[in-house]
Amino acid sequence: MTILLFLVGVVLMALGIAFSIALHEVGHLVPAKLFGIRVPQYMIGFGKTVFSWKRGETEYGFKALPLGGYISMIGMYPPGQDGQSEGRAGGTSPLQQLARQARQADVERIRPEDQGRLFYQLPVYKRIIIMLGGPAMNLLIGLVATTILVTGFGSYQPTTGIQSVSHCVQTLDATRAKSANSAECGADDPLAPASAAGLKPGDTILEFAGQSVTSWEQLTELIRSKAEKEVPLTVQRGDQTLELTITPMLTERPVVDPLTSTYQTNPDGSYKTQEVGFIGISPATELTPGTVGEVLPTVGQSLERIGATLIKLPARVYGVAVTLVTNGDRDVNSPVSVVGVGRIAGDIAAHDEISLRDKAATLVSLIAQMNLMLFAFNLIPLLPLDGGHVLGALWEGLRRKSAKLLGRKDPGPFDPVRLLPLTYVVAGAFLLMTVILVAADIFKPISLF
């Protein structure tokens, strides 16, 4: 039964990924057709075609490697300087030959009736709309999935109820952030203020330092600000209301990055800390549906975290590669491939201590985060990504407008062929990262439980 549930989770996630890829390409396809561009192919996956069908001018189908998708548009490359070849006629360098072959392959697909329907002949703004159509679809999917997640399922929010009480306050090691609620206490670790005050799991804090508390965030700020001060505490325990006193301890706690929810570090690798009041409790949580007004802020926060992650992506993938080669322990927060996302979905689906509602919410969350990641990733201004084509079109528009203002000759359309060497380097880097992450997800998968 566990294996069956695991497979169900993997299949559902695979369908979600395929659906997201398909709609990404639809985002390119629809405006391309609206603007009159001939689109010979719309494919999900790469490699050998598994099956396809033709409708109108376009062949639709699926390929063997479901690691992406594409549409092919006629006239992606403008003519070279000699009308067809690249650079100086007869150039024989490997890069010139590569560029000439790419341009020639594009030219050979052009039919006489395609004149006026070529991609490079479109106005700049139409090309930008076509290239942004794919990422826009991923953003829309992420927005819809987040709306379902926030308003339909809700999220677990901390409350003023107490889930656990630390027995002691551990001394913070400068190179290792210990869990504040760990059961491991050293001989020199002092008794936690919450434990000393008589707080117990299941209690609900009603008042702290004479102030009525209604949220965990409010309670946290009060605790942090009352270090080394004895303050009154009102607690609900079952049918009883108890009046206690507590003295928050001034102690060093690790600083958490609000974007990534990870501990911040100093240049030497040690953890950043701050001295704050601390009593040693963790909050109980409850599933709380949100409102439509919370959706956009939630998406914005997700995109902030994703942006911070993308900046560090090469370094983090390198860390995964080192873990793979040295057989080390993989960080649970390390990046994953589509294989890893599928395994995570399978593990959650197969876990017998997670409710069906929570499993469904997690699947929706994974789809939302994956699409928001695809949206941000495809906007990176490097070819062959959509953001690279958008940047090229903007550069063309700027050059043409500047030439017109200065009375100079029209410089012509943006020519992606000239950047093919860089394009292949970028594509190779992405392929290498994919291979590393897929290998890690197979041989050193992330373990959530």
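Each value, and the rule that gives it
- Residues numbered from 1 in each chain as written.
- Predicted model: local features only at pLDDT ≥ 70, side-chain atom pairs only at ≥ 80, totals over all residues.
- Heavy atoms only, no water.
- Helix = DSSP H or I, 4+ residues; strand = E, 2+ residues; numbered from the N terminus.
- Rg over C-alpha atoms; globule rule 2.2 N^0.38 Å.
- Contact = heavy atoms within 4.5 Å.
- Lys, Arg positive; Asp, Glu negative; His and termini not counted.
- Charge placed at Lys NZ, Arg CZ, Asp CG, Glu CD.
- Axes fitted to C-alpha atoms, helices over the stretch in contact; angles between N-to-C directions.
- Parallel < 35°, antiparallel > 145°, perpendicular 65-115°, else oblique.
- Left-handed = near helix turned anticlockwise from the far one by under 90°.
- Nonpolar A, V, L, I, M, F, W, Y, C, P; charged D, E, K, R; others polar.
- Pairing = 2+ DSSP bridges.
- Expected span 1.5 Å × (residues − 1).
- Bend = angle between axes of the 7 residues up to and from the residue.
- Buried < 20%, exposed > 50% of the residue type's maximum accessible area, 1.4 Å probe, protein only.
- Patch = residues over 30% accessible without salt bridge, like charges linked within 9 Å, V, L, I, M, F, W, Y side chains within 5 Å.
- Areas by Shrake-Rupley, 256 points an atom, 1.4 Å probe, with all protein chains shown as cover.
- Salt bridge = Lys/Arg side-chain N within 4 Å of Asp/Glu carboxyl O.

What follows is about the overall build of the chain. From N to C terminus, the chain includes eleven helices and ten strands. In terms of overall dimensions, the chain is more spread out than a globule: its C-alpha atoms have a radius of gyration of 28 Å, far above the 22 Å expected for 449 residues. With respect to the three principal axes, the spread of C-alpha positions in the chain is 90 × 55 × 45 Å. The contacts in the chain between residues at least 6 apart in sequence include a share of 67% that link residues at least 24 apart. Of the side chains in the chain, 38 bear a positive and 39 a negative charge, and the two mean positions are spaced by 14 Å.

Attention shifts here to the packing of helix 3 (residues 124-153) against helix 10 (residues 386-406). Put simply, helix 3 and helix 10 touch, their axes get as near as 9 Å, and they point 165° apart. Between helix 3 and helix 10, the angle is such that the two are roughly antiparallel. As for how helix 3 packs across helix 10, the hand of that crossing is left-handed. Between helix 3 and helix 10, the residues in contact are Val124, Arg127, Ile128, Met131, Leu132 and Pro135 and Asp386, His389, Val390, Ala393, Leu394, Glu396 and Gly397, respectively. A class-by-class count of the residues in the contact of helix 3 with helix 10 yields eight nonpolar, two polar and three charged.

For the rest of this paragraph, the subject is the packing of helix 6 (residues 295-311) against helix 7 (residues 313-326). Relative to each other, helix 6 and helix 7 sit at 65°, their axes nearing to 4 Å. Judged by the angle between their axes, helix 6 and helix 7 are roughly perpendicular. Between helix 6 and helix 7, the contacting residues are Thr309, Leu310 and Ile311 on the first element and Leu313, Pro314 and Arg316 on the second. Classifying every residue of the contact of helix 6 with helix 7 gives four nonpolar, one polar and one charged.

Pairing between strand 4 (residues 204-208) and strand 6 (residues 231-237): four bridges, direction antiparallel. Paired with Phe208 across the strands is Leu233, a residue of strand 6. Relative to strand 7 (residues 240-246), strand 6 runs antiparallel, the two being bridged by seven bridges. Considered in strand 7, the bridge of Val231 is made with Ile246.

On to helix 3, then. Under the 1.5 Å per step criterion, the end-to-end length of helix 3 is 42 Å for 30 residues, consistent within 8% with the ideal 44 Å. At Gly133, helix 3 shows its largest bend, some 40°, and a proline, Pro135, comes one to four positions later. Taken from the residues just after helix 3, Gly154 is the one with a positive phi, measuring 80°.

As for its position among the elements, Gly75 is in the loop between strand 2 (58-72) and helix 2 (94-108). Residue classification places Gly75 among the buried positions, given a relative accessible area of 0%. Taking the C-alpha atoms as reference points, Gly75 and Val107, 32 residues apart in sequence, are found 7.3 Å from one another. Ignoring any residue separated from it by four or fewer positions in sequence, one finds Gly75 in contact with Asp106, Leu118, Phe119 and Tyr120.

With that out of the way, let us pick up the environment of Thr298. Assignment of secondary structure puts Thr298 in helix 6. Taking the C-alpha atoms as reference points, Thr298 and Leu143, separated by 155 residues in sequence, lie 9.4 Å from one another.

Negative phi values dominate among residues other than glycine, just as trans dominates among peptide bonds. Between Leu383 and the following residue, Pro384, the backbone shows a cis peptide bond with an omega angle of 10°. In this structure, Ala209 is a non-glycine residue whose phi angle is positive, near 55°. Along the chain, Ala209 turns up in the loop between strand 4 and strand 5 (211-212). Exposure remark for Ala209: the relative accessible area of 22% places this residue in the partly exposed category. Positive phi, normally seen in glycine, also occurs at Asn327, with a value near 60°.

There is a patch of nonpolar side chains on the surface, built from Phe46, Leu65, Leu67, Val338, Val339, Ile442 and Phe443 and spanning about 640 Å² of accessible area. Contributions of two or more residues to the nonpolar patch are made by strand 2, helix 8 (338-350) and helix 11 (420-443). Structurally, Leu65 is set in strand 2. A residue is classified by how much of its surface remains accessible, and Leu65, at 49% relative accessible area, is partly exposed.

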